Amino acid sequence: MPTLRKRSVQLSGHATSIALEPEFWAVLEAMAASEHLSLARLIGRIDDARAGRPLASACRVAALGFAGQWRDPATR
């Protein structure tokens, strides 16, 4: 099992730690680069859109969506 890697980001003026597998961090970094955003700004966007979902889960779902491996169950 991969070890989780923690990172701290500022969201709405507060430091928040997020623990994700290194593979998810790599995809989020690629996603941020493709949108010309900092990783913190990308995570801020994910945070704004997460609708009550835990932030780490929302980051994983965003990474999977970017990687093209996730399909919304509602569209199957």
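Residues numbered from 1 in each chain as written. Predicted model: local features only at pLDDT ≥ 70, side-chain atom pairs only at ≥ 80, totals over all residues. Heavy atoms only, no water.

Asks: It is not clear to me how the packing of aromatic side chains should be interpreted in this structure. Could you clarify?
Replies: Working definition: an aromatic ring pair is given by the centre-to-centre distance plus the angle between the planes. Following the criterion strictly, the structure yields 0 aromatic pairs and no others. Taking the ring centre of W25 as reference, the NZ or CZ of R7 above it sits at 4.7 Å. Lying over the aromatic face of F24, R60 brings its terminal NZ or CZ to 5.8 Å of the ring centre. (Phe/Tyr/Trp six-rings, centres within 6.5 Å; stacked < 30°, edge-to-face > 60°. Lys NZ or Arg CZ within 6 Å of the ring centre and 35° of its normal.)

Asks: Just checking my understanding: could you explain the pairing of strand β2 (residues 14-20) for this structure?
Replies: Side chains on a regular strand alternate between the two faces of the sheet. Both strand β1 (residues 5-11) and β2 contribute to a ladder of 7 bridges, which runs antiparallel. Its bridge partner lying in β2, R5 is registered against L20. Connecting β1 to the antiparallel partner β2 that follows it, the hairpin turn spans 2 residues, and S12 within it adopts a positive phi of roughly 55 degrees. (Pairing = 2+ DSSP bridges. Helix = DSSP H or I, 4+ residues; strand = E, 2+ residues; numbered from the N terminus.)

Asks: Just checking my understanding: could you explain the nonpolar core for this structure?
Replies: Generally speaking, soluble globular proteins have nonpolar side chains that are buried together. Judged by nonpolar contacts, the single largest core of 19 residues is most densely connected at L28, L42, I43 and I46. Of all the secondary structure elements, the ones that give two or more residues to this core are β1, β2, α1 (22-34), α2 (39-49) and α3 (55-67). In contact with L28, other than residues within four places in its own chain, are L20, L39, L42, I46, C59 and A63. (Core = buried A, V, L, I, M, F, W, Y, C linked by side-chain atoms within 4.5 Å. Buried < 20%, exposed > 50% of the residue type's maximum accessible area, 1.4 Å probe, protein only. Contact = heavy atoms within 4.5 Å.)

Asks: When you look at the side chain of D47 in this model, what are you seeing that I'm missing?
Replies: Relative to the elements of secondary structure, D47 occurs in helix α2. Not counting the four nearest positions on each side in its chain, D47 is found in contact with L11 and L55.

Asks: Looking at this model, I keep getting lost on α1. Mind explaining?
Replies: At 3.6 residues per turn, the α-helix brings residues three or four places apart onto the same side. If you check α1, its first and last C-alpha atoms are 18 Å apart, about what 13 residues at 1.5 Å a residue would give, namely 18 Å. Considered for burial, the residues of α1 that qualify are F24, W25, L28, M31 and A32. One side of α1 holds all its buried residues, which, seen down the axis, span an arc of 120 degrees. Along its buried surface, α1 packs onto β1, β2, α2 and α3. Downstream of α1 by one or two residues, H36 has phi in the positive range, about 55 degrees. (Expected span 1.5 Å × (residues − 1). Arc of directions from axis to C-beta.)

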